[in-house]
Every structure is written in C-alpha cells, then in structure tokens.
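# Chain and residue survey
Take a look at the letters that make up each chain.
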Amino acid sequence: MERRTIGAAALEVGAIGLGCMPMHWAYTGSQQHGDRSLRAAHAALDAGTSLLDTADMYGPFTNELLLGRVLGQRRADVFVSTKCGLLVGDQHIVANGRPGYVRRACDASLRRLQTDVIDLYQLHRADPEIPVEETWGAMAELVAAGKVRALGLCAVGARASRRRSGAHLHESTIRQLERVQQIFPVSAVEAELSVWSPEALERLLPWCEARGIGFLAAMPLGNGFLTGTLTPGQGFEPDDVRARHPRFTAEMMAANQPLVVGLRRIAARHGATPAQVALAWVLSRGRHVVPLPGTKRERWAVENARAAELTLTARDLAEIAELPPVRESWE
C-alpha cells in the first residue's frame, strides 16, 4: 500500500487506516463480536493498512483491549492512534481535560494496548471547564516521557453544528488548534470528511495542509451510506447512532440515493465498488489525508484497503463534484 507522511514528526502510515469504533461502539451492538473484529484488524494489516484508530471510550475500554491482542502479536506492523478526554457514564458522556486525568488515562491505555508507547495520542474533546492549554501541556509531557510519539486533536463533534455553513463549521476547532500549537506541535487532526460531508474542504483541511499537519478523515463512507449496502427504511437497532441520525430516516436515505448511484456509475468503469470510489475521492484531497473507514468485518477491511490502488480520473472527480448535495431531514 502507498505510504503517507503526516505531521511535523514525519509519521509514516499506510494511505488508508482502519477506524475501530464500530467494533465496540455506536453501531449495531448485536453484531459486535470480538473474534470477528480481531480477524478484521489482522486482515487490514495484511492488506497494507498500518494506522489503527481507537479511543479509550470505545466499549468503553474493550476496543483497546482487543487491539492490545493485535499489538501483542505484531506491534511492528501497527501505527496505533488512541484518544483521551471523554468519560462514559450510564446515560451520558462528559469531557475531562484535567492534567492528572490525562496522565492516568494514558497509562491505562498503554496497559490495555500492551505497548510501551502510543504512536498518536489525540484529545477526543476539549473540556469546557479546563483551558485547553493545560490539557495539551499534560499531553506534551507524555511525549517528553516517551509514552507518546505525537499528538493530535479530534474534531468529529463538529457535526452538531451541521446547520451552519461549511465555511464556519470548524472555526472553533481552528481556534483550539491555534492555541495548542503554541504549546506543542499538532501532528494530526481527525475530522469528518466524505463525499456527503465535504465541509472540511473549505477551511479545516487547507489550514492543516498549510502547516504540514496530517488530516485523518473520519467517517469517509458516510456511516456506511456511501457503500451502497444500506436500504432506505431498513431500520437500525436502538443503540445504533444511525437510528437517531437525520440522514438515516427512510425519507432522507431515499432522497440521497443519487449520491450512491453516481458512485456506482464511476465504480463500474473501474471494476471497483462505491465504497472504494468514495475512499479514493478522500485520498485525492491531498497527500496529507488518510481516510479511516470503520468496520468490524474482514471482508470490508480488505475491500477498503484496496481502495488505495484506485486512482480517480479528472472525469471521475468532475462527476463527483456534480453530484447533488446531501439533503437533511430538516430541509
């Protein structure tokens, strides 16, 4: 697989990573099986993927434990990214950016991952009650201590502001980045980017590129919609985030089918799948961009990794640019 270099620390990773959240969090709980997810992680590594992206809140904790089994067998093959800053309760999630907590969270993640160093440690969310500089300073101390190689900031939560225009969607994230850059370099930013959520292209992605910061594209397959494997009105389990997502009502899934049809048309020309075309589009956004498609199945992990072999033509990219914008349930 093609290798890409991200961040001032020149971190080298496979061009397509593996998002591990679906293995233990947010999607179809009845389908979350440890052995299946373990096979998916190994299959992705065998296909050339190296970046495995997780967080201590996934489970919580169980995903790091599973990846610890992978790292215990093949640490040299894995670039591991995990996150801290969110605490999971019975019915709520809260941010915790206190320096003491950050240090304890890192030590706990190291134990679960069965490694002595985390390649990329990301702040999952900033704590509104703690100056982000204090949190970031504690994370920088972890680098100095040799427990972490590089730092990143996760901005996936920007979706909550979807009603705002793309030009303003990530302004608060950029302000945070400008503040923490004064403390210690940011190596990577993780944020949503896909054919149906391109807002990061307007401000956040150029901001990162201008500063040599890697961009980890979360949800590059649109929570599975861009794979073309979902049927409007199919329904989702109550614990699946898509059961409450404004784009996954039966009406909106049907209204947004032209996106999938367009991807299928391009995929047919290349002997590829819609998912591979969607990932190739993300890869085409810049050499500092690494998509993180999430899956818990071996088949999809291999298919996603092979998208790195697909190069879209100017015609393909023009067709994607002309696809109708995604519709929301409030439109």
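This text goes with the structure placed above it.
So, a few notes on the structure that sits alongside this text.

### Thoughts on the packing of helix H3 (residues 62–74) against helix H4 (residues 99–113)
Following both chains from N to C, one finds H3 and H4 inclined at 50 degrees, their axes separated by 7 Å at the closest point. It follows that H3 is oblique to H4 by the angle criterion. Contact residues: Glu64, Leu65, Leu67, Gly68 and Leu71 in H3; Ser109, Arg112 and Leu113 in H4. A class-by-class count of the residues in the contact of H3 with H4 yields 4 nonpolar, 2 polar and 2 charged.

### Looking at the pairing of strand S10 (residues 188–192)
Buried residues dominate S10, accounting for 5 of its 5 residues. What you see with S10 is no split at all: Ala188, Glu190 and Glu192 on one side and Val189 and Ala191 on the other are buried throughout. Pairing between strand S9 (residues 148–154) and S10: 3 bridges, direction parallel. Bridge pairing in S10 places Leu153 opposite Val189. Pairing of S10 with strand S11 (residues 214–218) involves 5 bridges; the strand directions are parallel. The partner of Glu192 across the bridge, within S11, is Ala218. Between S10 and its parallel partner S11, the chain crosses via helix H8 (residues 204–210), and the hand of that crossover is right-handed.

### Focus: the sheet that holds strand S4 (residues 51–53)
The parallel open sheet is built from 8 strands, whose spatial order is S3-S4-S5-S8-S9-S10-S11-S12. Strands at the two margins of the open sheet, each flanked by one partner only, are strand S3 (18–19) and strand S12 (289–292). Relative to S9, strand S8 (residues 118–123) runs parallel, the two being bridged by 5 bridges. Bridge pairing in S9 links Ile118 to Val148. In this fold helix H11 (residues 274–283) packs onto S11 and S12, with an angle of close to 150 degrees to the strand it touches most, S12.

### Regarding the nonpolar core
Tyr121, Leu204, Phe215 and Ile320 are the most contacted members of the largest nonpolar core, which totals 84 residues. Broken down by element, the residue count for this core peaks at 8 residues, all from H11. Apart from the residues within four sequence positions on either side, Leu204 is in contact with His170, Thr173, Ile174, Leu177, Val189, Ala191 and Phe215.

What counts and what doesn't
Residues numbered from 1 in each chain as written. Predicted model: local features only at pLDDT ≥ 70, side-chain atom pairs only at ≥ 80, totals over all residues. Heavy atoms only, no water. Axes fitted to C-alpha atoms, helices over the stretch in contact; angles between N-to-C directions. Helix = DSSP H or I, 4+ residues; strand = E, 2+ residues; numbered from the N terminus. Parallel < 35°, antiparallel > 145°, perpendicular 65-115°, else oblique. Contact = heavy atoms within 4.5 Å. Nonpolar A, V, L, I, M, F, W, Y, C, P; charged D, E, K, R; others polar. Buried < 20%, exposed > 50% of the residue type's maximum accessible area, 1.4 Å probe, protein only. Pairing = 2+ DSSP bridges. Right-handed = clockwise from strand over helix to strand, strands pointing away. Core = buried A, V, L, I, M, F, W, Y, C linked by side-chain atoms within 4.5 Å.

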